[in-house]
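The primary structure of each chain is shown beneath.
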Amino acid sequence: RGWDILELTRQPKPGSPDIQFQLGAEISPSALAGMDALIHCAYDFKPLRWDEIRAVNVAGSKKLFQAARAAGVEKVIAISSISAYDGCRSLYGKAKLEMEKLALDGGALVIRPGLVYGSGPGGMFGKLAAQVRQLSVIPMIGDGSQIQFLVHNEDLSAFLEKFAADQIKIPPQILTAANEQPWPFKRLLLEIAGALDKKPKFIPLPWRFVWAGLKSAELCGLKLNFRSDSLVSLMYQNPKPDFSENSKVGLVCRPFQFKG
């Protein structure tokens, strides 16, 4: 939509205008000079201990916000998570919660997206779709009653773009970006399976047993695609996410529909 996009990344492509950046490291305000908007969606999952998570993801976010303010960036958007809420149990949610406070103190808009999906799915939803596509028997954590709220990537991106373009004028606040319809985890997988013309069978697994296995693997230094802390986030989601402000600010999230 006419924007020049610069990526803050650990490995800029040769010849690109992208900026070399590592979350947790120092960043000069001069690197952000001339920017109209900053969307901070970085999170480093490698640290496992709380002191390391906080040093990289919370203190690192603080450095980035301070650099943006010093550079005069007018619009700052902090991408948090629906897993962040008062009383959350996961370290990921707690880190995001601290990041949110720093963002709000600096005048940023905080967005808590639900599970993001879309065409050519990536991220966590992409992993779920790939699992349904590839497996006839799927391990199910618990009874599959864990609630998910979903947001289409186009709806999320469109709202962020309008805010960055100053088409939406709202004060610093927290918005939950997701459709209000709750999806139990098993039902979500069955919906994906139907779109893919699959009929998987589910094997229930005690979630604490799975958590113990993941945690043991992490302590042994194994690199996993799914973290023990991510399982905590799944099992202890926000029981009452707040969607009350969405219609007032024009944040519209379509009902979930997966076309495969």
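Residues numbered from 1 in each chain as written. Predicted model: local features only at pLDDT ≥ 70, side-chain atom pairs only at ≥ 80, totals over all residues. Heavy atoms only, no water.

1. Here's the deal with the overall build of the chain
Right, so step 1: Assigned secondary structure in the chain consists of eight helices and 12 strands.
Right, so step 2: Relative to the globule expectation of 18 Å for 260 residues, the C-alpha radius of gyration of the chain, 19 Å, shows essentially globular dimensions.
Right, so step 3: The buried share of the chain, reckoned over its 260 residues, is 44%.
Right, so step 4: A separation of at least 24 residues holds for 77% of the contacts in the chain among residues at least 6 apart in sequence.
Right, so step 5: In the form shown here, the chain has an accessible surface area of approximately 14200 Å², with 53% of it arising from carbon and sulfur atoms.
Right, so step 6: One finds the centroid of the 32 positive side-chain charges in the chain at a distance of 7 Å from the centroid of its 25 negative side-chain charges. (Helix = DSSP H or I, 4+ residues; strand = E, 2+ residues; numbered from the N terminus. Rg over C-alpha atoms; globule rule 2.2 N^0.38 Å. Buried < 20%, exposed > 50% of the residue type's maximum accessible area, 1.4 Å probe, protein only. Contact = heavy atoms within 4.5 Å. Areas by Shrake-Rupley, 256 points an atom, 1.4 Å probe, with all protein chains shown as cover. Lys, Arg positive; Asp, Glu negative; His and termini not counted. Charge placed at Lys NZ, Arg CZ, Asp CG, Glu CD.)

2. Details of the side chain of Thr9
Right, so step 1: Considering the arrangement of structural elements, one finds Thr9 in strand β1 (residues 8–9).
Right, so step 2: Beyond its immediate sequence surroundings of up to four residues, Thr9 is in contact with Asp18, Ile19, Gln20 and Phe21.

3. Quick notes on the environment of Gly126
Right, so step 1: By the secondary structure assignment, Gly126 is in helix α3 (residues 123–134).
Right, so step 2: Residue classification places Gly126 among the buried positions, given a relative accessible area of 13%.
Right, so step 3: In this structure the C-alpha to C-alpha distance between Gly126 and Val116, which are 10 residues apart in sequence, comes to 9.2 Å.

4. Quick look at helix α2 (residues 91–105)
Right, so step 1: Given a rise of 1.5 Å per residue, 15 residues ought to cover 21 Å, and the 21 Å separating the end C-alpha atoms of α2 matches this to within 8%.
Right, so step 2: Gly107 occupies a position one or two residues after α2 and carries a positive phi of about 85°. (Expected span 1.5 Å × (residues − 1).)

5. Description of the packing of aromatic side chains
Right, so step 1: Per the counting criterion, the structure on display carries 10 aromatic pairs.
Right, so step 2: Between the aromatic rings of Trp207 and Tyr236, the centroid separation amounts to 5.8 Å while the plane-to-plane angle is 80°, which identifies the pairing as edge-to-face. With Trp207 in helix α6 (residues 207–219) and Tyr236 in the loop between α7 (228–235) and α8 (246–249), this residue pair connects regions lying 29 residues apart in the sequence.
Right, so step 3: Owing to a relative accessible area of 16%, Trp207 belongs among the buried residues under this scheme.
Right, so step 4: Given the relative accessible area of 23%, Tyr236 is considered partly exposed. (Phe/Tyr/Trp six-rings, centres within 6.5 Å; stacked < 30°, edge-to-face > 60°.)

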